[in-house]
Amino acid sequence: MDFNIAVQYLKQRCGAIPETAIVLGSGLSTLADLIEDKIIIPYKDIPGFVQSTVEGHSGNLIFGNLSGKRVVCQQGRFHYYEGWSLEQITFPVRVFALLGVKNYIATNAAGSLNETMTPGQIVLIKDHINHLGVNPLRGVNLSEFGVRFPSLHDAYSYQLRELALKTAQENAISLKEGVYIAVSGPSFETKAECKMFASWGADVVGMSTVPGVIVAVHCGLKVLAFSVVTNMTNIFHSLEHTHEDVQKAAELAKDNLELIISQILKKI
Ligand code: HPA
């Protein structure tokens, strides 16, 4: 894939180079409304970008200023269940790294495997389990980005997590640390799968984030990631949940998550 064509294209349009990339998950795209002096670039105009096919995910890169810091926001992301390859899904991350971005903040909607994390709870991801069955770094190593066998021991930057916890505390917002397990979807998990994931130590389950984080770490970006719990998984009940429930519950936590992210930006 030719990252440089996308990078050259964006450099001509994006104004000052962003320091931080923020990926907005399902139902969380309004953080972009807080960005000042926005430059909105639809994915369809960017060479190499694919387009999100999911409801609730718009498809734009938004460059601008948030809390006085230069950011690029990925409004709408690509998922494995849509049929894209992991190379396509993570294309924006490598483009960000080549542009000069240093920090990668991901957000997502997730189901809870932990009874203490209920809908509306914001979870600070401290680690993940990649249950996609594939890794975005499979294949020839792109050594211009990073090493063949990157360490994921501090994938979710300890320093940024400490900052997030402190920021949440200062603003009296509940933020719990947890482990995220990524599944391919698009079907939701069975009860047996949820029981297994909980026994493995996962707190929340979702269908995104992990490929982007692995590539971001490979590129040397500092990562911070948040889940918003949108539903209890079916270990706790036997009700069906829908994509509409996910979007409604994301609405509950959105303002607090926006506050945490804007405050953190001031400090990094
Ligand atoms: N499972 C997987 N992905 C999700 C869920 C879930 O329960 N909720 C939101 N995204």
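In every chain, residue numbers begin from 1 and rise along the written sequence. Where local features are concerned, this predicted model is filtered to residues with pLDDT of at least 70; where side-chain atom pairs are given and counted, the filter is 80 or more; whole-chain, interface and lining totals use all residues. The basis for every side-chain value is the complete set of heavy atoms in the structure, and neither hydrogens nor water enter the calculation.

### With respect to the overall build of the protein chain
Part 1 of the reasoning: From N to C terminus, the protein chain includes seven helices and nine strands.
Part 2 of the reasoning: Its C-alpha atoms give the protein chain a radius of gyration of 17 Å, within 12% of the compact-globule value 18 Å for 268 residues.
Part 3 of the reasoning: If you line up the protein chain on its principal axes, its C-alpha atoms span 50 × 40 × 35 Å.
Part 4 of the reasoning: The buried label goes to any residue with under 20% of its type's maximum accessible area, the exposed label to any with over 50%, and the partly exposed label to all in between, with areas taken from a 1.4 Å probe on protein chains only. In the protein chain, buried positions account for 54% of the 268 residues.
Part 5 of the reasoning: Taking contacts inside the protein chain between residues at least 6 apart in sequence as the whole, the part at least 24 apart equals 82%. Each helix corresponds to a stretch of at least 4 residues labelled H or I by DSSP, and each strand to a stretch of at least 2 residues labelled E; elements are numbered beginning at the N terminus. Our radius of gyration is a C-alpha quantity, and the globule rule it is checked against amounts to 2.2 Å times the number of residues to the power 0.38. In this analysis, two residues are considered to be in contact whenever any of their non-hydrogen atoms come within 4.5 Å of each other.

### Looking at the site of the ligand
Part 1 of the reasoning: Note on definitions. A residue lies near a molecule or strand when any single heavy atom of the residue is within 4 Å of it. Taken together, 13 residues are adjacent to the ligand, and Gly111, Glu189, Gly206, Asn231 and His241 come closest.
Part 2 of the reasoning: Contacts described as polar in this section are N or O atom pairs within 3.5 Å, which, within protein, must combine one atom able to donate a hydrogen with one able to accept it, while residues neighboring in sequence count only if both atoms come from side chains. Residue Ala109 places a main-chain N or O atom 3.4 Å away from a nitrogen atom belonging to the ligand.
Part 3 of the reasoning: In the environment of the ligand, a nitrogen atom lies 2.7 Å from a nitrogen or oxygen atom belonging to the side chain of Asn231.
Part 4 of the reasoning: Computed by Shrake-Rupley with a 1.4 Å probe, the accessible areas treat only the displayed protein chains as cover when residues are assessed. Alone, the ligand offers 260 Å² of accessible surface; in the complex the protein occludes 95% of this.
Part 5 of the reasoning: At the level of secondary structure, the elements contributing two or more residues to the shell around the ligand comprise β5 (103–112), β8 (204–206) and β9 (222–232).

### Quick notes on unusual backbone geometry
Part 1 of the reasoning: Here the amide bond leading from Gly185 into Pro186 is cis, since omega sits at 0 degrees, within 30 degrees of zero.
Part 2 of the reasoning: Although it is not a glycine, Ser67 sits at a positive phi angle of roughly 55 degrees.
Part 3 of the reasoning: The backbone of Thr209 shows a phi angle near 70 degrees, a positive value even though the residue is not glycine.

### Section: the side chain of Thr20
Part 1 of the reasoning: Tracing the backbone shows Thr20 in strand β1 (residues 20–24).
Part 2 of the reasoning: Look at Thr20 and you get buried, because its relative accessible area is 1%.
Part 3 of the reasoning: Only 3.1 Å separates the side chain of Thr20 from the side chain of Asn103, close enough to count as a polar contact.

### Observations regarding the packing of aromatic side chains
For any pair of aromatic rings, the description consists of the separation of the ring centres together with the inter-plane angle of the planes.
Part 1 of the reasoning: Each Phe, Tyr or Trp ring, with Trp reduced to its six-membered ring, pairs with another whose centre is within 6.5 Å; inter-plane angles below 30 degrees give stacked pairs, above 60 give edge-to-face pairs, and intermediate values give tilted ones. Inspection of every chain in the model, using the stated rule, returns seven aromatic pairs.
Part 2 of the reasoning: When the ring of Tyr43 is compared with that of Phe49, the centres are 5.4 Å apart and the planes differ by 40 degrees; the resulting orientation is tilted. The exposure classification of Tyr43 matches that of Phe49, with both residues buried.

### Things to note about the pairing of β9
Part 1 of the reasoning: Taking burial as the measure, the eleven residues of β9 include ten buried ones, the bulk of the element.
Part 2 of the reasoning: Each pair of strands is called paired provided DSSP finds at least two bridges between the two strands. Where β5 lies against β9, ten bridges are found, and the strand directions are parallel. Across the sheet, Ser112 pairs through a bridge with Met232, a residue of β9.
Part 3 of the reasoning: Both strand β6 (residues 122–130) and β9 contribute to a ladder of three bridges, which runs antiparallel. Its bridge partner lying in β9, Leu124 is registered against Phe226.

### Section: the pairing of β5
Part 1 of the reasoning: Here β5 lies mainly inside the structure; ten of its ten residues are buried.
Part 2 of the reasoning: Taken together, the four bridges between β1 and β5 define a ladder with parallel strand orientation. Opposite Ala21, over in β5, you have Tyr104 as the bridge partner.
Part 3 of the reasoning: Pairing of β5 with β8 involves two bridges; the strand directions are antiparallel. Note that in β8 the partner of Ser112 across the bridge is Val204.

### Here we look at the environment of Gly83
Part 1 of the reasoning: Within the secondary structure layout, Gly83 lies in the loop between β4 (69–75) and α2 (86–89).
Part 2 of the reasoning: Sequence separation between Gly83 and Asn4 is 79 residues; the distance between their C-alpha atoms is 24 Å.

### A few points about the pattern of salt bridges
Part 1 of the reasoning: Throughout this description, the term salt bridge denotes a Lys or Arg side-chain nitrogen within 4 Å of a carboxyl oxygen of Asp or Glu. In the structure shown here, the tally under the stated rule is four salt bridges.
Part 2 of the reasoning: Across the pair Arg161 and Glu177 runs a salt bridge, and its minimum N-O distance is 2.8 Å. With Arg161 in helix α4 (residues 158–170) and Glu177 in strand β7 (residues 175–182), this residue pair connects regions lying 16 residues apart in the sequence.
Part 3 of the reasoning: Overall, the relative accessible area of 12% leaves Arg161 in the buried class.
Part 4 of the reasoning: Glu177 gets classed as partly exposed once you look at its relative accessible area, which sits at 30%.
Part 5 of the reasoning: With a closest N to O distance of 3.5 Å, Glu170 and Lys166 form a salt bridge. Linking Glu170 with Lys166, this pair stays in helix α4, spanning four residues, or about one helical turn.
Part 6 of the reasoning: Members of the salt-bridge network, linked through shared partners, are Lys166, Glu170 and Lys267.

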